[in-house]
Amino acid sequence: MNGLRKYRVGQIVLLGLGLCLWPVVAWAGEAGAADIAQLSRALDTVWVLLAAFLVFFMQAGFGMVEIGLIRAKNTCNLLMKNTLDFCMASLGFFICGYAIMFGRGNGFLGAQGWFLIGAESGANVPLYAFWLFQAAFCGAAATIVAGGMAERMKFQSYMVYSFLISAIIYPIIGHWVWGGGWLAQLNFADFAGSSVVHTVGGTAALIGTIILKPRLGKYKPDGSPNVIAGHNIPLVSLGVFILWFGWFGFNPGSTLGVSDGGKTIALVAINTNLSAVAGTICAMFTVWAIGGKPDLSLTLNGALAGLVAITAPCAFVSPGASLIIGAVGGIMVVLATFMLDKVQVDDPVGAFPVHGVNGIWGTLAVGLFGRQALGLANEGLFYGGGFTQLGVQALGIFSVVAFVLISMGLIFKLIDVTIGLRVSPEEELKGLDIGEHGMEAYSGFQIFTTQ
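Residues numbered from 1 in each chain as written. Predicted model: local features only at pLDDT ≥ 70, side-chain atom pairs only at ≥ 80, totals over all residues. Heavy atoms only, no water.

With that out of the way, let us pick up the overall build of the protein. Helix and strand content of the protein: 15 helices and zero strands. Against the globule reference of 22 Å for 451 residues, the protein gives a C-alpha radius of gyration of 24 Å, in line with a compact fold. Principal axes of the C-alpha set define a box for the protein whose edges measure 80 × 65 × 45 Å. Looking at the 451 residues of the protein, the share that counts as buried comes to 53%. In the protein, the proportion of contacts linking residues at least 24 apart, taken out of those at least 6 apart, comes to 76%. (Helix = DSSP H or I, 4+ residues; strand = E, 2+ residues; numbered from the N terminus. Rg over C-alpha atoms; globule rule 2.2 N^0.38 Å. Buried < 20%, exposed > 50% of the residue type's maximum accessible area, 1.4 Å probe, protein only. Contact = heavy atoms within 4.5 Å.)

Relative to each other, helix α10 (residues 296–311) and helix α11 (residues 319–342) sit at 130°, their axes nearing to 8 Å. In terms of axis orientation, α10 runs oblique to α11. The two elements α10 and α11 meet at a crossing, and its hand is right-handed. Counting all contacts with α10, which are made through L298, N301, G302, A305, G306, A309 and I310, the residues of α11 involved are S322, I325, G326, G329, G330, V333, T337 and F338. Taken together, the residues of the contact of α10 with α11 break down into seven nonpolar, eight polar and no charged. (Axes fitted to C-alpha atoms, helices over the stretch in contact; angles between N-to-C directions. Parallel < 35°, antiparallel > 145°, perpendicular 65-115°, else oblique. Left-handed = near helix turned anticlockwise from the far one by under 90°. Nonpolar A, V, L, I, M, F, W, Y, C, P; charged D, E, K, R; others polar.)

Moving on to the nonpolar core. F93, Y98, Y161, Y170, F250, M408 and F412 are the most contacted members of the largest nonpolar core, which totals 114 residues. A total of 15 residues in this core trace back to one element, the largest contributor, which is helix α4 (residues 127–148). When residues no more than four places from it in sequence are discounted, the contact partners of M408 are Y161, I165, I169, A204, I207 and F403. Counting residues in hydrophobic clusters, the runner-up holds six residues, among them L206, A336, L340 and V345. (Core = buried A, V, L, I, M, F, W, Y, C linked by side-chain atoms within 4.5 Å.)

Looking at the protein, pLDDT values average 93 and 91% of them are 70 or higher. Low pLDDT, under 50, characterises residues 17–28; the stretch is placed with two contacts to residues that sit more than four places away or in other chains. (pLDDT = per-residue confidence, 0-100.)

Turning our eyes to something else, we now look at the packing of α4 against helix α5 (residues 155–178). Relative orientation of the contacting elements α4 and α5 amounts to 125°, with a least axis distance of 9 Å. By the angle class used here, α4 and α5 are oblique. Considering only the axes of α4 and α5, their crossing is right-handed. Contacts between α4 and α5 involve Q134, F137, C138, A141, A142, T143, V145 and A146 from the former and Y158, Y161, S162, I165, S166, Y170 and W178 from the latter.

This part is about the pattern of salt bridges. In total, this model carries seven salt bridges according to the counting rule given. E379 is the salt-bridge partner of R371, the closest N and O atoms lying 3.0 Å from each other. R422 serves as the salt-bridge partner of E428, at 2.8 Å between the closest nitrogen and oxygen. We classify R422 as partly exposed; its relative accessible area is 23%. (Salt bridge = Lys/Arg side-chain N within 4 Å of Asp/Glu carboxyl O.)

Turning to its location among the elements, L298 is positioned in helix α10. Along the backbone, L298 and R152 are 146 residues apart, and their C-alpha atoms lie at a distance of 23 Å.

Let's shift gears to the environment of A111. Its place among the elements puts A111 in the loop between α3 (75–102) and α4. A sequence separation of 15 residues divides A111 from C96, and the C-alpha atoms of the two residues are 8.4 Å apart. Sequence-distant contacts of A111, that is, excluding residues within four places in its chain, are made with A99, G103, R104 and G105.

Below, the discussion takes up the state of the cysteines. Applying the stated criterion across every chain yields a total of zero disulfides. The closest cysteine sulfur to the non-disulfide-bonded C282 is located on C314, 19 Å from its own sulfur. Residue classification places C282 among the partly exposed residues on the basis of a relative accessible area of 22%. (Disulfide = S-S within 2.5 Å.)

Here the focus is a nonpolar patch on the surface. Side chains of F94, W114, F115 and I117 sit close together on the surface and give an oily, nonpolar patch of about 430 Å² of accessible area. In this fold, W114 is placed in the loop between α3 and α4. (Patch = residues over 30% accessible without salt bridge, like charges linked within 9 Å, V, L, I, M, F, W, Y side chains within 5 Å. Areas by Shrake-Rupley, 256 points an atom, 1.4 Å probe, with all protein chains shown as cover.)

This part takes up helix α13 (residues 388–418). An ideal rise of 1.5 Å per residue puts 45 Å on 31 residues; α13 measures up with 45 Å between its terminal C-alpha atoms. After α13 finishes, the residue G420 shows a positive phi value of roughly 90°. (Expected span 1.5 Å × (residues − 1).)

On to the side chain of T363, then. If you trace the backbone, T363 turns up in helix α12 (residues 351–369). Taking the relative accessible area as the measure of exposure, T363 reaches 0% and is therefore buried. Setting aside its immediate chain neighbours within four residues, T363 contacts F188, S194, S195, A312, Q393 and I397.

Glancing now at α3. Of all bends in α3, the biggest is about 60°, found at F93. The element α3 is largely enclosed, with a buried count of 21 among its 28 residues. (Bend = angle between axes of the 7 residues up to and from the residue.)

Our next topic: the packing of aromatic side chains. Counted according to the given criterion, the structure contains 22 aromatic pairs. Consider the rings of F137 and F250, whose centres lie 4.1 Å apart with planes at 20°: the pair is stacked. In this pair, F137 is assigned in helix α4 and F250 in helix α8 (residues 233–250), connecting sequence segments 113 residues apart. Given a relative accessible area of 0%, F250 falls into the buried group. Look at F369 and F382: their rings are 5.2 Å apart centre to centre, the planes differ by 75°, and that puts the pair in the edge-to-face class. Note that F369 is positioned in helix α12 and F382 in the loop between α12 and α13, a separation of 13 residues in sequence. (Phe/Tyr/Trp six-rings, centres within 6.5 Å; stacked < 30°, edge-to-face > 60°.)

Right, dumping it as structure tokens:
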């Protein structure tokens, strides 16, 4: 009797589902090409907006990583910079950044679409959806620099920098690669931003921290480094996992649609994950071999290195190749971190080793492992394509690094001689939370201000 009752309940459920789906089936049978195109555009829009929301959430990840790797007395200051990054980036990208990046112009920059007036979408989605996705990318590029110049840069100077890189420098590079500029015309390939986002941010952090000079007490008289430990490694771990999660919007979202049934999204997603995994493991073993212990902070930076490295080639390589790309990235981030200390460049969070070094590596990896069958203009070197694609990638990444070094060097120098770039030694020792904002991140806890 119970079996018969269950059978009848099942029939009723199936009948109800059939009645609910019948209008959809009937509409599909009668729908014309215009209706199907409208539905496709709606799906693409939902996907792009979802990806934009994930990329926006990466701001929280950057904030947690950066504050965890610095001292407690500068926590509020860095979080203020992290917050204002996205605000200044959105403002600058709205005023003129989008026009420079995607507006009609020449091979160097665009000129049409200031304040989005007369602007056009760069994908099969409404303009505002496309703008939001691109603005989130712009904010990510800007916030990379906060960690590299942490604990000694003036807040007001940082806001000026953040606006200028978002309104002018980042959009110019973006136009070269994604806006139909001269690199795009040479078939330079960067699917999701190893060069456009990460190399730009990482290189800006490098030239900025060189001009800013090291933190007080970072290097001994003989040039050897003192360890200035971060105050909250659990926050770093949380931040890395937030970034890893957000990267599934960053890379797969760069498909800008689901028109191929999701095949490209799936490939990009698995490549993104595998590269991060390989970067984590190889960074751990590398620092273990060098220092005798598996350091957690460098291991976590290995995950970010793998993510940065796969960002350019994620749609053009196989999952096997993504493991190699991530593994090399994990090794390089550790070696680059130690190298910076040898030349006395004080990068508190490893912004250049993670984003600069691996942005360069990921861009070049397209020319090594890329496949024509996956949409690349030429086969990579390791698949019989010779140096054609690799040469274009090398030219492109050299041009990006050179332009950012020169332009951001001039901007930082200009800021330095006008409003000043660095806080006073007294303020640096006391902490930027008190000196710049008049507050503490951990009220009631003893914060040492003599180191």
